[in-house]
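Summary of structural features
One letter stands for each residue in the lines below.
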Amino acid sequence: MSELINKYFPTASGAKTVNDHWEAFLNVGLPDRKSEEYKFTPITNVIEREMNFDSITSDSGSDPGVETLFSTPYHMVFLNGKLVKKFEGNDIISVAANSDIPASEKFIPNWKDEFHLMNKGLEADGVYLKIAKGNTLEQPVYIQYVVDSADSQSAAVTRNYFHAEENSEFQVVEEFIYLGENASFENTESHVVVGKAARVRSYKLQLQGKNQLQVGNTFVQQERDSYHKNITITMSGKMVRNNLQIFLNDEHCESHLHGLYMLNGKNHVDNHTTVDHRFPNSYSNEMYKGILTEYSTGVFNGKIYVRPDAQNTNAFQSNNNLLLSDTATLHTKPQLEIWADDVSCSHGCTSGQLDKEALFYLRSRGLGQDEAKALLLKAFVADVLNEIDIEPIKEKVESQVDSVLFTK
Amino acid sequence: MLKIKDLHASVEDKEILQGVNLEVKPGEVHAIMGPNGSGKSTLASVLAGREEYEVTKGSVEYRGVDLLELAPEERAREGIFLAFQYPVEIPGVSTTNFLRTALNQVREHRGQEPMDAVNFLSFMKEKMKLVDIDQALLSRSLNEGFSGGEKKRNEIFQMAVMEPKLAILDETDSGLDIDALKIVANGVNSLKSPDKATIVVTHYQRLLNYIVPDYVHVIYKGRIVKSGNKDLALELEEKGYDWIKSEVDPVIS
Ligand SMILES: Nc1ncnc2c1ncn2[C@@H]1O[C@H](COP(=O)(O)OP(=O)(O)O)[C@@H](O)[C@H]1O
Ligand SMILES: [Mg+2]
């Protein structure tokens, strides 16, 4: 057992000890080559090839003070999996450790993902935030996960819980930041409960970095009349897997899932999403867009389940891609499983190149080739960017769109 | 200003231009006419630098430089402007999105200061009046859902902003009613100056009542088979193209 901990996760890193669930993980292990779910993202191989967990030195750093995209009183920072900066709670938002979750909270779903089982079996730093009933948190919660691999490789495991109580509202921004060039591995989890008639908007941002390996699981449980919007933006990463699971656990839920990946070099990003319609009269809308160039790989898998009881479900999904080089690889797969009969579902995925006619038109007006491309790329991603309700994030991402044209 | 010599151009191994010769001097207006499919748009595209057309023979000299060596954007910066026969739709990009960048590229090339947003706006407003175009149209996705007339007016508007030395209008008149035609012609005429030249590609004589050409050329089967003054256009209007075809076909086949 300790061999496995040492292999997959050393005591020296963020996770200190295993718990009762570790055995369950050991019975399953990490996904192997035959895994259907990780078919196009051979993360286990890459971890074994790139990571040397023994080399990781235990560090007890303090807040590295990295640049922030915006300011908010609700700012938290993790460094290599350890919480190094947090904020005090108030009447609207309470702050507790993730170990203090009352038994009444039903955060943890029964989910088979190997990395989820691994995360569950490890002690991990993290918080339990709750927005009190009927309140709106005016400024977003902003969590920066900093991985510093400047001196040695780094590993981190985190687990955070967010609960918006009935009729409350808040936004949460999770940003992953990489310092240093050595490889790193993260297993990160976020659990969100959107209470009755509550409204939550969540963001997962990875805008830089080069050698990170990451598997992240986000679980969202929606209650009656609730609204949730997630935006996942990944610009970089040696291998990044975003798992996003939305459970619509009652009627009249509204859920939006939007994603953007813009990759060059040998970056590899995989978005696996699941929307589970379990009750009647809910709506989900998913739109992911990708721009791939050079030797990058993009994977999209979108599962929509419409359970037998979920009559009058409206579920939409699209995944559109631009392939700017013939050495880039795309795997896209919609997976709709519909048991109910009175439903309206649509899905579509496309991949294509930049419109040559449009490029020529813009160049004939004096725009340089790269400028013309950048303009068309911005137009391509605009409908995802327009979903970003926090202006500084939108501006930052927009300013980085054309960077995909130039190898980092 | 422009010297085209024995220009041959192909697309997908099909030779479309088969030896075009044409000289345009500053201040002149040349009309290029000809039946459908004779190569008018191909000539316009080759001059603007569209890459799918391969020049297999001949030369084009523009203001002393080898035009064929220049990328499309370099040609634009040197003062060439093509008003497209079929302006492309670009979802998510509006005219105002790219036009200031485009203009500033040209200005930089000419050694002028870039125009800031405020100055550009008033400059644009002036040009909008010229072609009677609405600002709302300029903020919409380019050509998406534009009527035929709006597309053409937008092309002329852009031309007015870019102030080219050599403007090439490819069938800007097709699909326009008489009022729109006058507006377009008025826009073109107001840009006339002794150091600028215009090539007007058209299928009909109608436009030439408003933009009076110094020369009229007829392209047929990829070469200029007849040149004359504005009377040639009237003659074509009256007699159609068949007499040209019957004159030329025996000679080239
Ligand atoms: N991109 C292209 N691919 C194939 N054929 C083309 C292409 N562009 C033009 N052609 C052909 O070349 C000929 C001349 O076309 P064009 O220059 O558009 O004529 P015009 O403008 O005089 O009507 C036509 O036979 C047309 O079908
Ligand atoms: Mg034509």
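Residues numbered from 1 in each chain as written. Chains lettered and ligands numbered in written order. Predicted model: local features only at pLDDT ≥ 70, side-chain atom pairs only at ≥ 80, totals over all residues. Heavy atoms only, no water.

Another point: the packing of aromatic side chains. Per the counting criterion, the structure on display carries 17 aromatic pairs over all chains. Between Tyr361(A) and Phe84(B), the aromatic rings sit 4.9 Å apart at their centres with planes inclined by 40°, giving tilted as the arrangement. Pair noted here: Tyr361(A) is in helix α5 (residues 356-363) and Phe84(B) is in the loop between β6 (80-83) and β7 (90-94), and the two residues belong to different chains. Of the two residues, Tyr361(A) and Phe84(B), both sit in the buried class. Members of the aromatic cluster, connected to one another through ring pairs, are Tyr38(A), Phe53(A), Phe115(A) and Phe185(A). Here the basic side chain of Arg241(A) rests over the ring of Tyr38(A), its NZ or CZ set 3.9 Å away from the ring centre. Stacked on the ring of Phe380(A), the Lys or Arg Lys289(A) has its end atom at 4.6 Å from the ring centre. (Phe/Tyr/Trp six-rings, centres within 6.5 Å; stacked < 30°, edge-to-face > 60°. Helix = DSSP H or I, 4+ residues; strand = E, 2+ residues; numbered from the N terminus. Buried < 20%, exposed > 50% of the residue type's maximum accessible area, 1.4 Å probe, protein only. Lys NZ or Arg CZ within 6 Å of the ring centre and 35° of its normal.)

So, about the interface of chain B and chain A. Between chain B and chain A, the contact holds 32 residues from the first and 17 residues from the second. Put simply, chain B and chain A have 4 salt bridges between them. Taken together, the links from chain B to chain A amount to 11 residue pairs in polar contact (both at pLDDT 80 or more). By residue class, the composition of the side of chain B that touches chain A is 17 nonpolar, 8 polar and 7 charged. (Contact = heavy atoms within 4.5 Å. Salt bridge = Lys/Arg side-chain N within 4 Å of Asp/Glu carboxyl O. Polar contact = N/O pair within 3.5 Å; in protein donor to acceptor, adjacent residues only side chain to side chain. Nonpolar A, V, L, I, M, F, W, Y, C, P; charged D, E, K, R; others polar.)

Residue and element names in this part refer to chain B. The final tally for this structure, using the stated rule, is 26 salt bridges over all chains. Across the pair lysine 127 and glutamate 163 runs a salt bridge whose closest N-O atoms are separated by 3.3 Å. Of this pair, lysine 127 sits in helix α4 (residues 117-131) while glutamate 163 sits in the loop between α6 (148-162) and β9 (166-170), and the two are 36 residues apart along the sequence. In this structure lysine 127 comes out as buried when scored by relative accessible area, which is 8%. When the shortest N-O distance is used, the salt bridge between glutamate 247 and lysine 226 registers 3.4 Å.

Let us look at the domain arrangement of chain A. Residues and elements named next belong to chain A. Segmentation of chain A into domains returns domain 1 (4-250) and domain 2 (356-408). Regarding the contact of domain 1 and domain 2, the summed buried area is about 1,200 Å², with carbon and sulfur atoms giving 68% of it. When the area that domain 1 buries against domain 2 is broken down by residue, the three leading residues are Leu69, Leu207 and Met235, summing to 36%. Taken together, the links from domain 1 to domain 2 amount to 3 salt bridges. Residue aspartate 389 is joined to lysine 229 by a salt bridge in which the shortest nitrogen-to-oxygen separation is 3.1 Å. In this structure, the connection of domain 1 to domain 2 is made through 5 residue pairs in polar contact (both at pLDDT 80 or more). Among the residues forming the side of domain 1 that touches domain 2, the class breakdown is 10 nonpolar, 2 polar and 2 charged. (Domains from an automatic or database assignment. Buried area = accessible area lost by both parts, 1.4 Å probe.)

Take the pairing of strand β5 (residues 141-148) of chain A next. Residues and elements named next belong to chain A. Counting buried residues in β5 gives 7 out of 8 residues, a clear majority hidden from the surface. Note that strand β1 (residues 75-79) and β5 share 5 bridges and pair parallel. When the sheet's bridge partners are listed, histidine 75 is paired in β5 with tyrosine 142. (Pairing = 2+ DSSP bridges.)

All names here are of chain B. With distances of 2.1 to 2.2 Å, the protein atoms coordinating the magnesium ion (ligand 2) are Ser41 (OG) and Gln85 (OE1). You can see serine 41 sitting in helix α1 (residues 40-48) and its partner glutamine 85 sitting in the loop between β6 and β7, a full 44 residues away along the chain. Residue classification places serine 41 among the partly exposed positions, given a relative accessible area of 25%. (Donors = N, O, S within 2.8 Å, 3.2 Å for Na, K, Ca; no water.)

Attention shifts here to helix α4 (residues 114-121) of chain A. Counting buried positions over the 8 residues of α4(A) gives 7, a clear majority of the element. Every buried residue belonging to α4(A) is among Glu114(A), Phe115(A), His116(A), Leu117(A), Met118(A), Asn119(A) and Gly121(A), and all of these are buried.

Right, let's talk about the packing of α5(A) against helix α6 (residues 369-385) of chain A for a bit. Each packed pair of helices is defined by two parameters, the angle between the axes and the distance between the axes. Residue and element names in this part refer to chain A. At a closest axis distance of 9 Å, the pairing of α5 and α6 adopts a crossing angle of 125°. As summarised for this structure, α5 and α6 are arranged oblique, according to the angle between their axes. Regarding α5 and α6, the two cross each other, and that crossing is right-handed. In this structure, α5 contributes Ala358, Leu359, Leu362 and Arg363 to the contact, and α6 contributes Gln369, Ala372, Lys373, Leu375 and Leu376. Partitioned by chemical class, the residues of the contact of α5 with α6 number 6 nonpolar, 1 polar and 2 charged. (Axes fitted to C-alpha atoms, helices over the stretch in contact; angles between N-to-C directions. Parallel < 35°, antiparallel > 145°, perpendicular 65-115°, else oblique. Left-handed = near helix turned anticlockwise from the far one by under 90°.)

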